[in-house]
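Descriptive analysis of the structure
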Amino acid sequence: MSLLHIDAAHKRYDHHTALHGVSLQLQEGEILCLLGPSGSGKTTLLRLVAGLERLDGGSIRLGQTLVDAAGGPFLPPEQRQLGMVFQDYALWPHLSALDNVALPLHRLGRVAAHKQALAMLDEVGLAALADRHPHALSGGQQQRVALARALAVKPRLLLCDEPLSNLDAGLREELRERIGSVVRAHGISALYITHDHREALALGDRVGVMHQGRLQQLSTPRELLRQP
Ligand code: ADP
Ligand code: ADP
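Counting starts from 1 at the beginning of each chain's written sequence and moves along it residue by residue. Working convention: letters from A go to chains and numbers from 1 go to ligands, in the order in which they are written. The model is predicted, so local features are restricted to residues of pLDDT at least 70 and side-chain atom pairs to those at 80 or more, both for listing and for counting; the totals for chains, interfaces and linings are taken over all residues. Working from all heavy atoms in the structure, the side-chain values ignore hydrogens and water.

1. Overview of the environment of I188
- Helix and strand definitions follow DSSP, with helices as H or I runs of at least four residues and strands as E runs of at least two, each counted in order from the N terminus. If you trace the backbone, I188 turns up in the loop between α5 (169–186) and β8 (189–193).
- For every residue, the accessible area obtained with a 1.4 Å probe (protein chains only) is divided by the maximum for its type, and the residue is called buried under 20%, exposed over 50%, and partly exposed between those limits. Of the residues examined, I188 reaches a relative accessible area of 8% and is grouped as buried.
- Contacts of I188, omitting those with residues within four sequence positions, involve G29, E30, L151, P155, R156, L158 and V183. The contact criterion used is simple: two residues touch if any of their non-hydrogen atoms lie within 4.5 Å.

In structure tokens, the structure reads:
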């Protein structure tokens, strides 16, 4: 069953059209990487799925739920059961790693939230540094905290916008593998933006190529590699 169904998504900013009718479906448990040059509409598509922007045309479904349709219903971001990881880690500087991950779990109560947060930090290999504040963590470690925080709420879909682009090459590969294994271990789906071909081919079950607000191509890494 498709978890995410984007149909003819259209988005305008003032006089500029950022998306010209993009359609795609993401299957349950699938990682779809979006490649494309700067300005091709990748972030706009992700922000629409997240509910941070509204469609001007088309529709977006998450599972059976219509979450956005131009002139129709709109489900706010906090009700979409999504996890998000961005290029800048966006951690709270005054909170420890543990509290950063526990924050979205506050409804569970402090003890249960901390227990679950620590389990998530353990999954990303950071349990030993749970008490550190972000400034005392490396970029890669901060991004692992951000990943743990995104997954702590048990999302059905993880949205990533160039999560590795601020890291150096060695770390990028290590963290890419970590993201892949954690996402697959949880059986969730991911929509993952990158401008790095190698990253997309290594991580994605399918790779979409965006160009000037259109999805130019959507294929498996194997098909992409076979092209001349
Ligand atoms: P990316 O790194 O994915 O290319 P950008 O740096 O272009 O993203 O954009 C960062 C943020 O600024 C995004 O939230 C995007 O929606 C917004 N943004 C991009 N271009 C413009 C623009 N021309 N005017 C206003 N906001 C913009
Ligand atoms: P990408 O993520 O592929 O770099 P974006 O989705 O950030 O592309 O941007 C697609 C186009 O929409 C770009 O031309 C960008 O300048 C424009 N854009 C994005 N966000 C805004 C915004 N908030 N206001 C105006 N223009 C925007």
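2. Comments concerning helix α3 (residues 110–123)
- Working rule for helices: expected span equals 1.5 Å times residues minus one. Along its 14 residues, α3 runs 20 Å from first to last C-alpha, staying within 8% of the 20 Å computed at 1.5 Å per residue.
- Within α3 the residues assigned to the buried category are A113, H114, A117, M120 and L121. Summarising the axial view, the buried residues of α3 lie within an arc of 125°, below the 170-degree limit, and thus occupy one face. Residues of α3 that are exposed and angled more than 90 degrees away from the buried face: V111, K115 and D122.
- Tucked into the core, α3 has its buried residues touching α2 (97–102), α4 (139–152) and α5.
- At the C-terminal side of α3, G125 shows a positive phi close to 75°. Summarising the geometry, the arc corresponds to the directions from the helix axis toward the C-beta atoms.

3. Remarks on the site of ligand 1
- Lining the immediate environment of ligand 1, one finds S38, T43 and R47.
- Within the side chain of T43, a nitrogen or oxygen atom sits 2.6 Å from an oxygen atom of ligand 1.
- The protein chains hide 31% of the 550 Å² of surface that ligand 1 would expose on its own. In this text, near means that some heavy atom of the residue lies within 4 Å of the molecule or strand in question. Polar contacts, as counted here, are pairs of nitrogen or oxygen atoms within 3.5 Å of one another; within protein the pair requires one atom able to donate a hydrogen and one able to accept it, and residues that are adjacent in sequence qualify only if both atoms are side-chain atoms. Method for areas: the Shrake-Rupley scheme with a 1.4 Å probe, in which residue coverage is limited to the protein chains shown.

4. Describing the site of ligand 2
- Ligand 2 sits among Y13, H16, A18, P37, S38, G39, S40, G41, K42, T43 and T44.
- Side-chain polar atom of H16 to an oxygen atom of ligand 2: 3.0 Å apart, as the coordinates give it.
- Side-chain polar atom of T44 to an oxygen atom of ligand 2: 2.5 Å apart, as the coordinates give it.
- Relative to its unbound accessible area of 560 Å², ligand 2 is 62% covered by the protein chains.
- Listed by contribution, the elements that provide at least two residues to the shell around ligand 2 are β2 (16–27) and α1 (42–50).
- The element best represented in the shell around ligand 2 is α1, accounting for three residues.

5. Thoughts on the sheet that holds strand β7 (residues 157–161)
- Reading across the sheet, the six strands line up as β6-β7-β8-β3-β9-β10 and stay open at both edges, with mixed pairing between neighbours. At either end of the open sheet lies a strand with only one pairing partner, and these are β6 (82–85) and β10 (214–219). Averaged over neighbouring strand pairs, the angle between their axes works out to 20° when direction is ignored.
- A pair of strands is labelled paired if DSSP reports no fewer than 2 bridges between them. Across five bridges, the pairing between β7 and β8 is parallel. Residue L159 lies in a different strand from β8, and its bridge partner there is L191.
- The axes are straight lines fitted to the C-alpha atoms, using for helices just the contacting stretch, and the angles between their N-to-C directions are given from 0 to 180°. Here α1 sits on the sheet in contact with β3 (31–35), β6, β7, β8 and β9 (206–211), set at roughly 150° to β7.
- Running over the sheet, α4 touches β6 and β7 and is turned about 170° from β6.

6. Thoughts on the sheet that holds strand β4 (residues 57–62)
- Read across the open sheet, the four strands follow the order β2-β1-β4-β5; overall the sheet is antiparallel. Taken across any chain shown, the strands that pair with only one partner, and hence form the sheet edges, are β2 and β5 (65–69). Across the sheet, the mean angle separating the axes of adjacent strands is 20° when strand polarity is ignored.
- Here strand β1 (residues 2–13) runs beside β4; their pairing, made up of five bridges, is antiparallel. In the sheet register, H10 faces β4, and the bridge partner there is G57.

7. Brief notes about the pattern of salt bridges
- A pairing counts as a salt bridge when a side-chain nitrogen of Lys or Arg comes within 4 Å of a carboxyl oxygen of Asp or Glu. Counted under the stated rule, the structure contains seven salt bridges.
- Between E173 and R198 there is a salt bridge; the shortest N-O distance is 3.6 Å. Taken together, the residues E173 in helix α5 and R198 in helix α6 (residues 197–203) connect sequence positions 25 residues apart.
- Residue class for R198 comes out exposed when judged on its relative accessible area of 57%.
- For D205, the salt bridge goes to R184, with nearest N and O atoms at 3.3 Å. Separated by 21 residues along the polypeptide, D205 in the loop between α6 and β9 and R184 in helix α5 bring together distant segments of the chain.
- Given a relative accessible area of 41%, R184 falls into the partly exposed group.

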